[in-house]
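# Structural overview
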Amino acid sequence: MRRQATAKVGEIGMKIAIMTDSNSGITAQEAQQLGVTLLPMPIQIDGQMYLEGIDLFPSEFYARLAQGADVSTSQPSPADTLELWDKLLEEYDQLVYIPMSSGLSGTAATAASLACDDPYEGRVFVADNKRISAPQRQSVLDALALRERGKSGAEIKQRLEAASLHSQIYIMVDTLHYLKKGGRITPTAALLGSALNLKPILQLQAGKLDAYKKVRGTKAAKTELVHALEAKLPCLEGEGKLIVQTAYSGSDELGAEWNEFVQQAFPQFQVYSTVLPMSIACHTGPGALGVACVRELPID
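Here's a quick rundown of the structure. (Residues numbered from 1 in each chain as written. Predicted model: local features only at pLDDT ≥ 70, side-chain atom pairs only at ≥ 80, totals over all residues. Heavy atoms only, no water.)

The complete set of buried residues in helix α6 (residues 153-162) reads Gly153, Ile156, Arg159 and Leu160. Looking down the long axis of α6, one finds its buried residues gathered within 130 degrees of arc, a one-sided arrangement. On the buried face of α6, the contacting elements are β1 (16-21), β6 (94-98), β7 (124-126) and α5 (133-148). (Buried < 20%, exposed > 50% of the residue type's maximum accessible area, 1.4 Å probe, protein only. Helix = DSSP H or I, 4+ residues; strand = E, 2+ residues; numbered from the N terminus. Arc of directions from axis to C-beta. Contact = heavy atoms within 4.5 Å.)

Here's what the structure looks like:
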């Protein structure tokens with residue numbers, strides 16, 4: 001039987017836990033430093049289940065991709081989610097959970113359904129603000145800042161979801177192999193695209209990953225990513241500070257070079273770099289490059 005702790009809603013000094021998943025790019029070490037609870041995402045490789053950042057790390061993940069392993073993702077089990085909730089609610093009065101975008105996974109919908117039942121209703125708040133990777137990480141930082149200003153779990157959820165469209169991601173795919181393998185493009189399209197050296201650019205818009213443009217060659221694709229972001233920056237509504245971020249799949253050297261390229265294009269920003277989560281990288285493969293912008297929530 002799960003313990004039903006007594007909530008202290010409305011009392012001064014209410015303790016609120018912040019929880020997210022590994023799709024945010026937050027590592028176990030960083031989560032500990034931030035005081036955030038991290039739910040690792042399950043990754044299935046050749047029929048065996050692993051947990052991102054627990055028993056599966058980027059080096060092994062990309063090695064298995066290169067070997068042609070059958071790699072797929074799945075939702076965290078309800079049992080694992082509830083186990084974390086129960087543990088947190090023994091110490092905290094409320095919990096704000098920030099999962100990956102509902103447009104990319106059923107994780108948010110499952111969690112929201114679980115939060116409607118006793119003893120979680122009114123104590124667990126699932127904030128679906130349509131993000132993944134670096135922008136999702138920013139949502140966690142925003143939630144921590146809102147908590148410090150004394151906001152309740154319900155208020156934090158409302159503020160995060162109201163700002164759900166105040167971010168944008170563009171991702172260049174270096175190889176068409178994984179899009180073909182996942183059924184996102186036909187074998188014929190993959191063969192033709194490879195022959196023409198096409199680099200698809202995808203965009204995460206309104207929480208869903210869609211095609212944006214096809215460009216010939218990596219150099220042209222990098223330039224197009226920067227131009228796409230430049231055009232998007234003035235369109236992001238909000239009062240908070242604009243933040244530019246990069247992401248990558250593959251080697252850290254690749255990520256460092258890409259971050260420097262974007263930093264030179266946007267000298268007015270301090271560009272933050274992170275690794276693409278495995279739930280995206282298993283569809284893009286290695287060599288993918290991403291650029292994102294997000295508005296920091298104004299804290300009032």
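Structure shown, so let's carry the discussion forward.
We now examine the packing of aromatic side chains. Tallied over the entire structure, the rule returns 6 aromatic pairs. Ring pairing ties together the aromatic residues Trp85, Tyr97 and Tyr120, which thus form one cluster. Stacked on the ring of tyrosine 92, the Lys or Arg lysine 15 has its end atom at 5.1 Å from the ring centre. We note lysine 222 situated over the ring of phenylalanine 261; from NZ or CZ to the ring centre the distance is 5.9 Å. (Phe/Tyr/Trp six-rings, centres within 6.5 Å; stacked < 30°, edge-to-face > 60°. Lys NZ or Arg CZ within 6 Å of the ring centre and 35° of its normal.)

Another point: the side chain of serine 133. The residue serine 133 is located in helix α5 in this model. Look at serine 133 and you get buried, because its relative accessible area is 3%. Ignoring anything within four residues of it in the chain, the contact list for serine 133 reads Asn23, Ser24, Ala247, Thr274, Val275, Leu276 and Pro277.

Once that is clear, we can look at unusual backbone geometry. The linkage connecting aspartate 118 with the following residue, proline 119, adopts the cis geometry, with an omega of 0 degrees. Inspection of the secondary structure assignment puts proline 119 in the loop between α4 (107-114) and β7. Here the phi dihedral of aspartate 46 falls at roughly 50 degrees; this positive angle occurs in a residue that is not glycine. Although it is not a glycine, serine 133 sits at a positive phi angle of roughly 60 degrees.

Let us now look at α4. Considered for burial, the residues of α4 that qualify are Thr107, Ala108, Ala111 and Leu114. Projected down its long axis, α4 carries its buried residues within an arc of 125 degrees, all on one side. Structurally, α4 contributes buried residues whose contacts are with α3 (78-89), β6 and β7.

Within the open sheet, the 6 strands sit side by side as β10-β9-β8-β13-β11-β12. Their pairing is mixed. Strand pairing shows two members of the sheet lacking a second neighbour, β10 (208-216) and β12 (272-275), which therefore form its edges. On average, adjacent strands in this sheet sit at an angle of 20 degrees to one another, irrespective of strand direction. Bridge count between strand β11 (residues 242-248) and strand β13 (residues 289-295): 7 bridges; the pairing is antiparallel. Following the sheet pairing, threonine 246 is matched in β13 by valine 291. Set on the sheet, helix α9 (residues 218-232) makes contact with β8 (167-172), β9 (198-205), β10, β11 and β13; between it and β8 the angle comes to about 170 degrees. The strands touched by helix α10 (residues 252-265) within the sheet are β11, β12 and β13, with β11 carrying the most contacts at an inclination of about 150 degrees. (Pairing = 2+ DSSP bridges. Axes fitted to C-alpha atoms, helices over the stretch in contact; angles between N-to-C directions.)

Time to look at the environment of proline 40. Relative to the assigned elements, proline 40 resides in the loop between β2 (37-39) and β3 (42-45). Sequence separation between proline 40 and isoleucine 54 is 14 residues; the distance between their C-alpha atoms is 7.2 Å. Those residues in contact with proline 40 that lie beyond four places of it in its chain are Ser22, Leu51, Glu52 and Ile54.

Applying the stated criterion to the full structure yields 7 salt bridges. A salt bridge links arginine 137 to glutamate 30, with the nearest nitrogen and oxygen atoms 2.6 Å apart. Separated by 107 residues along the polypeptide, arginine 137 in helix α5 and glutamate 30 in helix α1 (residues 28-34) bring together distant segments of the chain. Comparing arginine 137 with glutamate 30 shows no difference in burial state: the two are buried. Close ionic contact of aspartate 174 with lysine 199 constitutes a salt bridge, the shortest N to O distance being 3.1 Å. With aspartate 174 in the loop between β8 and α7 (177-181) and lysine 199 in strand β9, this pair connects stretches of sequence that are 25 residues apart. You can call lysine 199 buried: its relative accessible area is 8%. (Salt bridge = Lys/Arg side-chain N within 4 Å of Asp/Glu carboxyl O.)

Backbone hydrogen bonds hold the strands of a sheet together, and the pairing may be parallel or antiparallel. If you trace the 4 strands from one edge of the open sheet to the other, you get β2-β1-β6-β7, paired in parallel fashion. Looking at strand neighbours, the two that pair on one side only are β2 and β7, the edges of this open sheet. Averaged over all adjacent pairs, the angle separating strand axes in this sheet is 25 degrees, with direction ignored. Sheet topology note: the β1/β6 ladder contains 5 bridges and is parallel. Residue methionine 19 lies in a different strand from β6, and its bridge partner there is tyrosine 97.

Looking now at the layout of surface pockets. Of the volumes computed, that of the largest pocket is approximately 490 Å³. Lining of the largest pocket is provided by 26 residues; of these, Gly25, Ile26, Thr27, Glu52 and Gly53 occupy positions nearest its centre. Elements represented by at least two residues in the lining of the largest pocket include exactly α1, α2 (58-66) and β12. With 4 residues, the top contributor of residues to the lining of the largest pocket is β12. The residue inventory of the lining of the largest pocket, partitioned by class, reads 16 nonpolar, 7 polar and 3 charged. (1 Å grid on protein atoms, 1.4 Å probe; cavity = no way out; pocket = protein on both sides within 12 Å on 5 of 7 lines; lining within 4 Å. Points joined across faces, edges and corners; volume = space filled by probe spheres on them. Nonpolar A, V, L, I, M, F, W, Y, C, P; charged D, E, K, R; others polar.)

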